[in-house]
Amino acid sequence: MKKAIIIPNYLKAESVGFCGVAKEMLEGMCYEVEVLAENDFPSSNAEFALVLGGDGTILRACKKLYQLDIPVFGINFGNMGYLTACNPDTAIDCIGKVVRGEYKLESRMMLQGEVIRNGEVAFSFVSLNEATLFRSTLKKAFSSEIYINGMHTQTILGDGVIVSTPTGSTSYNFSAGGPILTPESNNMVITPISPMHFLHSSIVAGGDDTVEVKVNVSSLTKDECISLEIDGDCSFDIFDGDVLKIKRAEKTAKTIKVNDISFYQILKQKLSKVNE
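This write-up is about the structure you can find in this document. (Residues numbered from 1 in each chain as written. Predicted model: local features only at pLDDT ≥ 70, side-chain atom pairs only at ≥ 80, totals over all residues. Heavy atoms only, no water.)

Moving on, we come to the side chain of S169. Among the secondary structure elements, S169 is positioned in the loop between strand 11 (160-164) and helix 4 (172-175). A residue is classified by how much of its surface remains accessible, and S169, at 0% relative accessible area, is buried. Only 2.9 Å separates the side chain of S169 from the backbone nitrogen of L181, close enough to count as a polar contact. Non-local contacts of S169, meaning those with residues more than four positions away in its chain, are made with S164, F174, P179, I180 and L181. (Helix = DSSP H or I, 4+ residues; strand = E, 2+ residues; numbered from the N terminus. Buried < 20%, exposed > 50% of the residue type's maximum accessible area, 1.4 Å probe, protein only. Polar contact = N/O pair within 3.5 Å; in protein donor to acceptor, adjacent residues only side chain to side chain. Contact = heavy atoms within 4.5 Å.)

Listed below in structure tokens is the structure:
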């Protein structure tokens, strides 16, 4: 029997309600269906994962399913919905297309990174959108030394640094003035947050490059900290001398696409929504 996974957003009643509808539909098509609770992981592999939520729900799902290479099909029960494939009003028809195999797979680059502290790995992660260093409760700007493949490229004094994937380029990176990349691009974007020198701009690094960010801050009081935030839902405290090391992840996130709408059309729709 084929298997499907459903990952709803339990904070949204509409998502939870549709979960029952989708489960019944898939079971009627001879699928074994596993509904994951927020902190659950799949008990086995599956043909696809139906994710009911916005971009944040999909980001968490892609990291949850990272080791299994399960394709993700997103239905937008959130706001922007860059990563979703359809809206609730067309969801039933789109699920039918997925079951019949009438879709395309998009592979999206992910990041894997670690924080090196005193020569040892203090924290490691994978990310679909970005890794962000920001001053959090620190009451002043701090210095970030940027290295690409071991070569120093620039030192940024400001509120922080974003290292983004092409998928994440439309998120915080874009808000901070960074460039937008197409999802199939094989690059990382390094964008400063509120730099104190106007000449500092984004750097687009290659997908095979290794990016290192060394944090320099003269002193931190007990009430101050610098934070590393991963995809907006996971954080880690950073101290003076810590080095953030990032490269392309070994695996990609696979998302299901059931229509022929181009990335540029999606971008236009979403940006128009922001300006409403």
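It is worth spelling out helix 2 (residues 55-64) at this point. Structural remark: α-helix, 3.6 residues per turn; residues separated by three or four positions point the same way. Counted residue by residue, helix 2 has eight buried out of 10 residues, so it is predominantly covered. Among the residues of helix 2, those classed as buried are D55, T57, I58, L59, A61, C62, K63 and K64. On its buried side, helix 2 packs onto strand 1 (2-8), strand 3 (48-53), strand 4 (72-76), strand 7 (120-127), strand 15 (226-230) and strand 18 (253-257).

A few words now on the nonpolar core. Counting 28 residues, the largest nonpolar core has F125, L133, L228, I238, L244 and I246 as the members making the most contacts within it. Those residues in contact with L244, other than ones at most four positions away along the chain, are E114, V115, F125, L133, V211, E212, V213 and L228. Formed by 23 residues, the second largest nonpolar core is a distinct cluster that contains A85, C86, A91 and V258. (Core = buried A, V, L, I, M, F, W, Y, C linked by side-chain atoms within 4.5 Å.)

Taken as a whole and judged by the stated rule, the model has four aromatic pairs. Aromatic side chains F18 and F77 sit 5.8 Å apart centroid to centroid with 45° between the ring planes, which places their arrangement in the tilted category. One end of the pair, F18, is in helix 1 (residues 13-28); the other, F77, is in the loop between strand 4 and helix 3 (91-100), and 59 residues separate them in sequence. Comparing F18 with F77, the two get one shared label, buried. (Phe/Tyr/Trp six-rings, centres within 6.5 Å; stacked < 30°, edge-to-face > 60°.)

The next point concerns the environment of D159. Along the chain, D159 falls in the loop between strand 10 (151-158) and strand 11. Along the sequence, D159 and S143 sit 16 residues apart, while their C-alpha atoms lie 8.6 Å from each other. Residues in contact with D159, not counting those within four places in the same chain, are L133, F134, R135, F142, I193 and S194.

Quick look at unusual backbone geometry now. Positive phi, normally seen in glycine, also occurs at C30, with a value near 70°. Mapped onto the fold, C30 is located in the loop between helix 1 and strand 2 (31-35). Although it is not a glycine, N149 sits at a positive phi angle of roughly 55°. By secondary structure assignment, the location of N149 is in the loop between strand 9 (142-148) and strand 10.

Bringing the packing of helix 1 against helix 3 into the picture now. Look at helix 1 against helix 3: their axes get within 11 Å of each other, and the N-to-C directions meet at 35°. Here the hand of the crossing between helix 1 and helix 3 comes out right-handed. Residue-level inspection shows F18, V21, A22, M25 and L26 of helix 1 in contact with helix 3, the latter providing A91, I92, I95, G96 and V99. Of the residues belonging to the contact of helix 1 with helix 3, the class tally is nine nonpolar, one polar and no charged. (Axes fitted to C-alpha atoms, helices over the stretch in contact; angles between N-to-C directions. Left-handed = near helix turned anticlockwise from the far one by under 90°. Nonpolar A, V, L, I, M, F, W, Y, C, P; charged D, E, K, R; others polar.)

With respect to topology, six strands assemble into an open sheet ordered 13-12-11-8-15-16, the strand pairing being antiparallel. Both outer strands of the open sheet, strand 13 (203-206) and strand 16 (234-238), are each paired with one neighbouring strand and no more. Sheet twist, expressed as the mean angle between neighbouring strand axes with direction ignored, is 20°. In this structure, strand 15 lies alongside strand 16, joined through five bridges in antiparallel fashion. Bridge pairing in strand 16 places L228 opposite F236. (Pairing = 2+ DSSP bridges.)

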